[in-house]
Amino acid sequence: MPKIKLPTKSPKIDMTPMVDLFSVILIFLMLTTTMRQPEPEQIDTPFSISEKPTPDFNVLTVLIGKDDKIFLNFDNGPDTLLKFRPKILAAMGERYNIQFTDKELREFEKYPSGIGVPILKMKDFLNTKSSKDRAVFQTGIPVDSTDNQLALWVLFARQVNPNIQACIKGDTKTDFPIVKKVLDIMQEKNMNKFNLITSLEAAKINLEEIQK
Amino acid sequence: MAEIIQEEKGKGGKHRGKKHPPHIDMTPMVDLMCLLIIFFMLTSAMAKAKVMEITLPEKLKDPNAEPPKISASRTLNIILGPDNKIYWYPGTVKPEDYNNLPPLTETDFSAKGIRQLLLERNIALSRKIEEFKNEVLQGKIVLNPDSVQSGIRKLKKDDDTGPIVLIKAYKDSNYGNFVDILDEMNICGVAHYMLVDITWYENKMVEAAAGITPAPDASKK
């Protein structure tokens, strides 16, 4: 009788359940997360017990870095057709007699993160392609009393989008006087309600202990 | 019998055809999905940042307008100092006391520090809020979450015994301290608090308490 030769097979693993599992994880991640926006500077927000989430639209975010640099960011509004960002830039350009081309306005509309570029350098900034070269222009928005560009940005942002809310994202180590200055500038433009961006931290109080 | 066997044979033949469906190799798909999952995990921010609301009093447009009067006995002044320290004093400083400034008490951001102080002074309101929350939790009062918030807000509005906290910031304090103190106000349920510009005599008081020699160009207006 001839011997029966068993074919030498490598064990085959069925990958289908693994694919199923990965699909579920992938879909979950895609639905629950928001893309992390690259920020011009690393900012560690302070902690608070507040549980109110950041609003999605109509936000004017002022980022205040550790070295007192100020960056601004606003959104395009609930509908991208509203094109709030290019409108604000155009208004700002008109004030400083700078004519922005359509291409530059589009570039500004797409820019995802905070901008800290003085308006006179804005044209160069928008025409620079690589993000590395762009970082050089991010010197912070001037807030001196002689050239208070932050006040003008806030003014035009409110003219273009009257529903805009102020969000302030400061680093824990930011000096208070610069924050106070930003608050004052915005109050001059009649914004009295602020959202301070914080990270969640639980805190418990014990009233019984106090009574003793 | 013979017929039945034949039928079985026929069935068996069909089965054999189905036994080997075209096998698709899933390995590249798994690789791809792994990559996508890693990409999403790295680029996404899981938790959305939270915000703390603060409403500042409107700026007085008329420089001669009188600021609103508040009772001195309920006033608690909190001054954010350098090096994460907090200084506080009760009441107000009258012009005749400028040469004899009240001493500042130093405290810190720990639970035994500023929180203890605020809770002691705000015990009546804190207890009311706590009771209200407990009743909602135990189901004695049935309310939706929005009404709970407005209920607490109403309790705070009606409060007339708790402290009126004036928050002032010395120039060496940082933004973290500012958020922390506002957070303490929320934790302790303080009904009335506001951010006020620091005055020149308070600057002096902080400098005396912290042992800082005042800069020659101190903001003495």
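Residues numbered from 1 in each chain as written. Chains lettered and ligands numbered in written order. Predicted model: local features only at pLDDT ≥ 70, side-chain atom pairs only at ≥ 80, totals over all residues. Heavy atoms only, no water.

### So, the overall build of chain A
Here is step 1 of the chain: For chain A, the helix and strand inventory stands at eight helices and seven strands.
Here is step 2 of the chain: Its C-alpha atoms give chain A a radius of gyration of 25 Å, more than 25% over the compact-globule value 17 Å for 212 residues.
Here is step 3 of the chain: Counting only residues that meet the buried cut, chain A has 46% of its 212 residues in that class.
Here is step 4 of the chain: In chain A, once contacts between residues fewer than 6 apart in sequence are set aside, the share between residues at least 24 apart is 67%.
Here is step 5 of the chain: Entry remark: accessible area of chain A is about 12,400 Å², with carbon and sulfur atoms responsible for 56%.
Here is step 6 of the chain: Computing the positive centroid from 29 side-chain charges and the negative centroid from 27, chain A places the two 8 Å apart. (Helix = DSSP H or I, 4+ residues; strand = E, 2+ residues; numbered from the N terminus. Rg over C-alpha atoms; globule rule 2.2 N^0.38 Å. Buried < 20%, exposed > 50% of the residue type's maximum accessible area, 1.4 Å probe, protein only. Contact = heavy atoms within 4.5 Å. Areas by Shrake-Rupley, 256 points an atom, 1.4 Å probe, with all protein chains shown as cover. Lys, Arg positive; Asp, Glu negative; His and termini not counted. Charge placed at Lys NZ, Arg CZ, Asp CG, Glu CD.)

### Some remarks on the nonpolar core
Here is step 1 of the chain: One finds Met122 and Trp153 of chain A together with Ile78 of chain B to be the most contacted residues of the largest nonpolar core, which totals 68 residues.
Here is step 2 of the chain: If we ignore the near neighbours within four places in the chain, the residues touching methionine 122 of chain A are Leu89, Phe100, Phe108, Ile115, Val117 and Trp153 of chain A.
Here is step 3 of the chain: By size, the runner-up hydrophobic cluster in this structure holds 10 residues, among which are Val19, Phe22 and Leu26 of chain A together with Val30 of chain B. (Core = buried A, V, L, I, M, F, W, Y, C linked by side-chain atoms within 4.5 Å.)

### A closer look at the environment of phenylalanine 137 of chain A
All names here are of chain A.
Here is step 1 of the chain: Note that phenylalanine 137 resides in the loop between α5 (131-135) and α6 (149-160).
Here is step 2 of the chain: Judged by its relative accessible area of 19%, phenylalanine 137 is buried.
Here is step 3 of the chain: Along the primary structure phenylalanine 137 and isoleucine 70 are separated by 67 residues, whereas in three dimensions their C-alpha atoms are 13 Å apart.

### What to know about the interface of chain B and chain A
Here is step 1 of the chain: The interface is formed by 54 residues belonging to chain B together with 58 residues belonging to chain A.
Here is step 2 of the chain: Summing both sides of the interface, chain B and chain A together bury roughly 5,400 Å²; the carbon and sulfur share of this comes to 66%.
Here is step 3 of the chain: Looking at the side of chain B facing chain A, the largest losses of area belong to Lys50, Val51 and Tyr175 of chain B, adding up to 16% of the total buried there.
Here is step 4 of the chain: Between glutamate 53 of chain B and lysine 193 of chain A there is a salt bridge, and its shortest N-O distance comes to 3.7 Å.
Here is step 5 of the chain: The interface formed by chain B and chain A includes 12 residue pairs in polar contact (both at pLDDT 80 or more).
Here is step 6 of the chain: The element contributing the most residues to the side of chain B that touches chain A is helix α2 (residues 27-43) of chain B, with 12 residues. (Buried area = accessible area lost by both parts, 1.4 Å probe. Salt bridge = Lys/Arg side-chain N within 4 Å of Asp/Glu carboxyl O. Polar contact = N/O pair within 3.5 Å; in protein donor to acceptor, adjacent residues only side chain to side chain.)

### Focus on the side chain of glutamate 202 of chain B
Here is step 1 of the chain: Looking at the element boundaries, glutamate 202 of chain B is found in helix α7 (residues 200-210).
Here is step 2 of the chain: With residues up to four places along the chain from it excluded, the contact list for glutamate 202 of chain B reads Asn77, Ile79, Tyr89 and Lys168 of chain B.

### Comments concerning the packing of aromatic side chains
The geometry of two aromatic rings is summed up by the distance between their centres and the angle between their planes.
Here is step 1 of the chain: Under the defined criterion, the tally for this structure stands at nine aromatic pairs over all chains.
Here is step 2 of the chain: Between tyrosine 175 of chain B and phenylalanine 178 of chain B, the aromatic rings sit 6.4 Å apart at their centres with planes inclined by 45°, giving tilted as the arrangement. Of this pair, tyrosine 175 of chain B and phenylalanine 178 of chain B both sit in helix α6 (residues 175-188), three residues apart, roughly one helical turn.
Here is step 3 of the chain: Residue classification places phenylalanine 178 of chain B among the buried positions, given a relative accessible area of 1%.
Here is step 4 of the chain: A network of ring pairs unites the aromatic residues Phe74, Phe108 and Trp153 of chain A as a single cluster.
Here is step 5 of the chain: Here arginine 95 of chain A stacks its cationic end above the ring of tyrosine 96 of chain A, 5.8 Å away from the centre of that ring.
Here is step 6 of the chain: The ring of phenylalanine 125 of chain A has arginine 134 of chain A lying over it, and the distance from NZ or CZ to the ring centre is 5.2 Å. (Phe/Tyr/Trp six-rings, centres within 6.5 Å; stacked < 30°, edge-to-face > 60°. Lys NZ or Arg CZ within 6 Å of the ring centre and 35° of its normal.)

### Observations regarding unusual backbone geometry
Residues and elements named next belong to chain A.
Here is step 1 of the chain: You will see that asparagine 190, though not glycine, has its phi angle at about 65°, which is positive.
Here is step 2 of the chain: Here asparagine 190 lies in the loop between α7 (176-188) and β7 (193-200).
Here is step 3 of the chain: Asparagine 190 sits in the partly exposed class, given a relative accessible area of 45%.

### As for the sheet that holds strand β6 (residues 164-169) of chain B
All names here are of chain B.
Here is step 1 of the chain: Read from one edge of the open sheet, five strands run β5-β4-β3-β6-β7, paired in mixed fashion. At either end of the open sheet lies a strand with only one pairing partner, and these are β5 (105-107) and β7 (192-195). Strand-to-strand twist in this sheet, taken as the mean axis angle between neighbours without regard to direction, amounts to 25°.
Here is step 2 of the chain: As paired elements, strand β4 (residues 86-90) and β5 share three bridges and run antiparallel to each other. Across the sheet, residue tryptophan 88 finds its bridge partner in β5, namely threonine 105.
Here is step 3 of the chain: α7 contacts β3 (75-80), β4 and β6 of the sheet and is inclined by roughly 125° relative to β4. (Pairing = 2+ DSSP bridges. Axes fitted to C-alpha atoms, helices over the stretch in contact; angles between N-to-C directions.)

### Description of a negative patch on the surface
Here is step 1 of the chain: Together, Asp67, Asp68 and Asp175 of chain A together with Asp83 and Asp172 of chain B make up a negatively charged patch on the protein surface.
Here is step 2 of the chain: One can find aspartate 172 of chain B in the loop between β6 and α6. (Patch = residues over 30% accessible without salt bridge, like charges linked within 9 Å, V, L, I, M, F, W, Y side chains within 5 Å.)

### Side note on the pairing of strand β2 (residues 50-55) of chain B
Here is step 1 of the chain: Here strand β3 (residues 52-53) of chain A runs beside β2 of chain B; their pairing, made up of two bridges, is antiparallel. Its bridge partner lying in β2 of chain B, lysine 52 of chain A is registered against valine 51 of chain B.
Here is step 2 of the chain: In the sheet, β7 of chain A pairs with β2 of chain B via six bridges, with the strands oriented antiparallel. Note that in β2 of chain B the partner of threonine 198 of chain A across the bridge is lysine 50 of chain B.

### Some remarks on the confidence of the model for chain A
Here is step 1 of the chain: On average, residues of chain A score 84 in pLDDT, and 94% of them are at 70 or above.
Here is step 2 of the chain: Within chain A, no element has a lower average pLDDT than helix α8 (residues 207-211) of chain A, which sits at 60, and none a higher one than strand β6 (residues 165-170) of chain A, at 90. (pLDDT = per-residue confidence, 0-100.)

### A few points about the pattern of salt bridges
All names here are of chain A.
Here is step 1 of the chain: Applying the stated criterion across every chain, the model contains 11 salt bridges over all chains.
Here is step 2 of the chain: With a shortest N-O distance of 3.6 Å, aspartate 171 and lysine 66 are connected by a salt bridge. Placement of aspartate 171 in the loop between β6 and α7 and of lysine 66 in the loop between β4 (59-64) and β5 (70-74) is noted, with a sequence separation of 105 residues between them.
Here is step 3 of the chain: Given a relative accessible area of 2%, aspartate 171 falls into the buried group.

### Notes on the pairing of β7 of chain A
Residues and elements named next belong to chain A.
Here is step 1 of the chain: As paired strands, strand β2 (residues 47-48) and β7 are joined by two bridges and run parallel to one another. Of the residues in β7, the one forming a bridge with phenylalanine 47 is serine 199.
Here is step 2 of the chain: Note that β6 and β7 share three bridges and pair parallel. Looking at β7, one finds that cysteine 167 is bridged to asparagine 195.
Here is step 3 of the chain: As for the winding sense of the linkage, the β-α-β connection from β6 through α7 to β7 is right-handed. (Right-handed = clockwise from strand over helix to strand, strands pointing away.)

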